[in-house]
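The residues making up each chain are set out below.
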Amino acid sequence: MFANAGTLGAAPGRRDELVRHLTRRSDHLRDVGCLLYEVGVHDAEPDTVYVVELWESADAHRASLALPEVQASIAAVRPLLSGEFGGFRFEVVGSPLRDEPAPAPAPKHVPAPDEPSIPELETDETIAPRPEEEIADILRAEPDVEDHSRRPG
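Remember, predicted model here, so these are calculated numbers, not experimental data.

A.B. asks: Help me understand the pattern of salt bridges in this model?
C.D. replies: Two side chains with opposite charge may pair up if their charged atoms get near one another. As enumerated under the stated definition, the model contains six salt bridges in all. In this structure, Asp 27 and Arg 25 form a salt bridge, with 3.1 Å as the shortest nitrogen-oxygen distance. Overall, the relative accessible area of 38% leaves Asp 27 in the partly exposed class. The class for Arg 25 is exposed, based on a relative accessible area of 69%. When salt bridges that share partners are traced, they join Arg 15, Asp 16 and Asp 43 into one network.

Now the structure itself:
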């Protein structure tokens, strides 16, 4: 099992809209190995949304980012985000809520002959990007050039 917990910075005043989008039902996530996806807020941080995900494996989480439905969702929330992201990830090893240990992690990926054996690193990092960084990279891939300084009304 793989856990991913993170924060998404919402554009000022857009947190509730972001929450509504993130909490829309999606059976696609369950179909690709998402066991839990919880969204939360805290009044002390009115422009932050908290997300906790539990996946069958890190590979299942990575694969979900390529789904057309997930790509469309990311594109839809782009204008709601401030660009601030945080979080952490880990392999689940057990819980006091069940007798058995967590399932063994999925076997490590063995690269195909035409695939690089070392994950591509960002120039300013010494480790592969975390999942929330991958999402941030996807969001930054298409710049939002709209003028968001004017509010309708």
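A.B. asks: Hey, could you run me through the nonpolar core in this one?
C.D. replies: For soluble globular proteins, nonpolar side chains are generally found buried alongside one another. Membership of the largest hydrophobic core is limited to ten residues, which are Phe 2, Leu 29, Cys 34, Trp 55, Ala 58, Ala 60, Leu 65, Leu 67, Val 70 and Ile 74. At the level of elements, α3 (58-64) and α4 (68-77) are the ones that each hand at least two residues to this core. Leu 18, Val 49, Val 51 and Leu 80 belong to the second-largest nonpolar core, a separate cluster that totals nine residues.

Rules used in this analysis
- Residues numbered from 1 in each chain as written.
- Predicted model: local features only at pLDDT ≥ 70, side-chain atom pairs only at ≥ 80, totals over all residues.
- Heavy atoms only, no water.
- Salt bridge = Lys/Arg side-chain N within 4 Å of Asp/Glu carboxyl O.
- Buried < 20%, exposed > 50% of the residue type's maximum accessible area, 1.4 Å probe, protein only.
- Core = buried A, V, L, I, M, F, W, Y, C linked by side-chain atoms within 4.5 Å.
- Helix = DSSP H or I, 4+ residues; strand = E, 2+ residues; numbered from the N terminus.

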